[in-house]
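Below are the chains, spelled out letter by letter.
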Amino acid sequence: MKKFLQAALFLSILGGSAFISSSCNDDDDKPVVIPTPTPTLYQKLGGTTMVPDPANPGMTIEKGRLGLRSVVDSTIFVIAGDPELNGFFTVLLTEVGAGNTTGFAALSKNLTDFFAVGSGATNFTYTGKNMVAAHNPASNSRMGGLADNGDMDKFIADVVVGAQKNNVPNNLIGEVGALLETLREDVVQAP
Amino acid sequence: MKLSKNTKRVGVGLLAFFVLSFVVLVIHVVMVSKSIKYDNASLQLARIDFKQPIDSSQAREINTKIRKIDGVGNTHFNLKDGILIYAVDSKKNSDQAVYEKLIAQVPYKAERFLVTEEMAAKGCPAMDKSSFAYQFSNTVNKIFN
């Protein structure tokens, strides 16, 4: 009996030591590395930081959205003056009269919402047609014809000009271009 | 013709249903319109096509003069094709008045670009002003917003 108790005590001490040593293992001192999430394009453009809105005095706007809207608005100007593309956007220039929402305002909101959602913004929604339906004359009677790769290239080039007018850094322009490239298959429907 | 009580009740019920539906539709249009905020809602884009070559110094001159006209905001000049795009606040001025004022100040041949009905029926954005839905929404907005 005495020998049994001694053996039990020895094993308990041995087991306890093993338990303590494993709990105090050096590995526990190593910090657990949680990978930092990669910022979205929207966050790189300023994200949800609120800044004064130059278009609406006294109001604020998310910095990311302001950056995108500035690029979109500049791009609209470039497209309106580009004979290779402005045929798709002539409604922009339709005079609507004082007090009515202009084609420019409507397209600006539409495209800004689209880019905001596409670049990772979470406080906006895009309620327009999807890119396939929007560029298919069968589902969008306002689409005068099918867009081809040349049209898409020109559109991206005009967006780049719009972004450069707003001093967007080249690396972010590249990300915007990459985002647009993901839409090429949906937009280009000409054989 | 004498109508039975039941017929009258059905008639009143139908009338009440349509009136209620109309009221709901009007409230819906008002609520939805209020929730859609357009930045620069009154900024009208317009285009002038120059019918002679314009060099960069002439473009600078044109830009300087047009930006001094009341209501004109940003401009963009496509030098290669001689196309000037400008934005005018429709609450302050009209693009026709801006065009006439600019042309009076510069010695260059130019034409104001006008959107035809055929052009207005196609292209982005989709603003079909001739549709009943657009006209109904516009009327409701003018009354309530």
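Structure report, in brief. (Residues numbered from 1 in each chain as written. Chains lettered and ligands numbered in written order. Predicted model: local features only at pLDDT ≥ 70, side-chain atom pairs only at ≥ 80, totals over all residues. Heavy atoms only, no water.)

Things to note about the interface of chain A and chain B
And then number 1: With 38 residues of chain A at the contact, the number on the chain B side is 40 residues.
And then number 2: Taking both sides of the interface into account, the surface hidden between chain A and chain B amounts to around 3,400 Å²; carbon and sulfur atoms contribute 58%.
And then number 3: Ranking the residues of chain A by area buried against chain B places A:Phe77, A:Leu93 and A:Arg142 at the top, with a combined share of 23%.
And then number 4: The interface formed by chain A and chain B holds 1 salt bridge in total. (Contact = heavy atoms within 4.5 Å. Buried area = accessible area lost by both parts, 1.4 Å probe. Salt bridge = Lys/Arg side-chain N within 4 Å of Asp/Glu carboxyl O.)

Describing the pairing of strand E3 (residues 83–89) of chain B
All names here are of chain B.
And then number 1: Counting buried positions along E3 yields 7 of 7 residues, so the element is predominantly enclosed.
And then number 2: Relative to E3, strand E1 (residues 43–50) runs antiparallel, the two sharing 7 bridges. From the neighbouring strand, Leu45 faces E3, where its bridge partner is Ala87.
And then number 3: Relative to E3, strand E2 (residues 72–78) is paired through 5 bridges, and the arrangement is antiparallel. In the strand pairing of E3, Phe77 is matched with Leu84. (Buried < 20%, exposed > 50% of the residue type's maximum accessible area, 1.4 Å probe, protein only. Helix = DSSP H or I, 4+ residues; strand = E, 2+ residues; numbered from the N terminus. Pairing = 2+ DSSP bridges.)

Points about the side chain of B:Asp49
Residues and elements named next belong to chain B.
And then number 1: Structurally, Asp49 is set in strand E1.
And then number 2: At a separation of 2.8 Å, a polar atom in the side chain of Asp49 contacts the side chain of Arg47.
And then number 3: The residues contacting Asp49, other than those within four sequence positions of it, are Gly82, Ile83, Lys109, Ala110, Glu111 and Phe113. (Polar contact = N/O pair within 3.5 Å; in protein donor to acceptor, adjacent residues only side chain to side chain.)

A word on a nonpolar patch on the surface
All names here are of chain B.
And then number 1: On the surface, Leu15, Val19, Phe22, Val23, Leu25 and Ile27 cluster together to form a nonpolar patch covering roughly 550 Å² of accessible area.
And then number 2: You can see Ile27 is positioned in helix H1 (residues 5–35).
And then number 3: On the basis of relative accessibility, which here comes to 46%, the residue Ile27 falls in the partly exposed class. (Patch = residues over 30% accessible without salt bridge, like charges linked within 9 Å, V, L, I, M, F, W, Y side chains within 5 Å. Areas by Shrake-Rupley, 256 points an atom, 1.4 Å probe, with all protein chains shown as cover.)

Some details on the sheet that holds strand E4 (residues 110–112) of chain B
Residues and elements named next belong to chain B.
And then number 1: Overall, antiparallel pairing links the 4 strands, which are arranged E2-E3-E1-E4 in an open sheet. At either end of the open sheet lies a strand with only one pairing partner, and these are E2 and E4. The sheet shows a mean angle of 25° between the axes of neighbouring strands, direction not considered. (Axes fitted to C-alpha atoms, helices over the stretch in contact; angles between N-to-C directions.)

Concerning the nonpolar core
And then number 1: Residues A:Ile76, A:Leu92, A:Phe104, A:Leu180, A:Leu183 and B:Leu45 are the most contacted members of the largest nonpolar core, which totals 43 residues.
And then number 2: Counting residues per element, the ones that place at least two in this core are helix H2 (41–44), helix H3 (63–80), helix H4 (103–118), helix H6 (149–165) and helix H7 (170–181) of chain A together with E1 and E3 of chain B.
And then number 3: With 7 residues, H3(A) is the largest single contributor of residues to this core.
And then number 4: In this view, B:Leu45 contacts A:Ile76, A:Phe77, A:Ala80, A:Leu92, A:Leu93, A:Phe104, B:Ile85, B:Tyr86 and B:Ala87; residues no more than four positions away in its chain are not counted. (Core = buried A, V, L, I, M, F, W, Y, C linked by side-chain atoms within 4.5 Å.)

Here's the deal with the pattern of salt bridges
And then number 1: Across all of its chains, the model carries 14 salt bridges over all chains by this definition.
And then number 2: For A:Asp82, the salt bridge goes to A:Lys154, with nearest N and O atoms at 2.8 Å. Of this pair, A:Asp82 sits in the loop between H3 and H4 while A:Lys154 sits in helix H6, and the two are 72 residues apart along the sequence.
And then number 3: A salt bridge links B:Arg112 to B:Asp95; its shortest N-O distance comes to 3.5 Å. Highlighted residues: B:Arg112 in strand E4 and B:Asp95 in helix H3 (residues 95–103), separated in sequence by 17 residues.
And then number 4: Residue classification places B:Arg112 among the buried positions, given a relative accessible area of 19%.
And then number 5: The structure contains a network of salt bridges with shared partners spanning A:Asp53, A:Arg69 and B:Asp39.

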